[in-house]
Every structure is written in C-alpha cells, then in structure tokens.
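# Notes for the structure review
These are the residues of each chain, in order.
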Amino acid sequence: MSSRTPIILVLALSLLLPLAACGRKGPPEAPEGADPKYPRSYPAGAPTPQ
C-alpha cells in the first residue's frame, strides 16, 4: 500500500459524499395553485387531422 492510497481514498469520498445527500425523500408534491390536469400521460387524446 503506497502512501498515496489513503489520500486518494479520502479525496474520492470527499467528492462522492455530497452526492449521497442530494434529492428529496418521498413522493413529489404539486405546488399550491398548480393546474390539476398536468402532468398527464402523452398523448392525451390528440386531435386527429381532417
């Protein structure tokens, strides 16, 4: 084990640990006053050309 291995491990962990804290836990919630018909699945009854 070289003397650089612990330094490389600490550097790798210091770069990866902030990524582990990102994101919300639980399902997403719509903001107040949001249009209830969005989001909808695509395509949602697209009109047919005549």
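Note: the structure precedes this text.
Everything quoted here is computed from the prediction, not taken from an experiment. Residue positions are given per chain, counted from 1 along the sequence in the order it is written. A pLDDT threshold of at least 70 governs which residues receive local features in this predicted model, and a stricter bar of 80 or more applies before side-chain atom pairs are shown or counted, although totals over entire chains, interfaces and linings include all residues. Values reported for side chains reflect all heavy atoms of the structure, with hydrogen atoms and water molecules removed beforehand.

## Let's talk about the overall build of the protein chain
Helix and strand assignments follow DSSP, with helices taken as H or I runs no shorter than four residues and strands as E runs no shorter than two, numbered in order from the N terminus. Summing up its helical and strand segments, the protein chain has 1 helix and 0 strands in all. For each residue, the accessible area found with a 1.4 Å probe, counting protein chains only, is set against the maximum for its type, and the residue is called buried under 20%, exposed over 50%, and partly exposed in between. Here the protein chain, with 50 residues, has 0% of them falling under the buried criterion.

## What about a nonpolar patch on the surface?
Among the surface-exposed residues, Leu11, Leu15, Leu16 and Leu19 lie close enough to one another that they form a single nonpolar patch of about 440 Å² accessible area. In this structure, Leu11 sits in helix 1 (residues 5-20). Patch criteria: residues need more than 30% relative accessible area and no salt bridge. Like-charged residues are merged within 9 Å; nonpolar side chains of Val, Leu, Ile, Met, Phe, Trp and Tyr are merged within 5 Å. To be clear on the numbers: accessible area is Shrake-Rupley with a 1.4 Å probe, and residue cover counts the displayed protein chains and nothing else. For this document, the term salt bridge refers to a Lys or Arg side-chain nitrogen within 4 Å of an Asp or Glu carboxyl oxygen.

## As for helix 1
Given a helix with a known number of residues, its expected span is that number minus one, times 1.5 Å. The terminal C-alpha atoms of helix 1, which comprises 16 residues, lie 22 Å apart, in line with the 22 Å expected from a rise of 1.5 Å per residue. Little of helix 1 sits out of view: just 0 of its 16 residues are buried.

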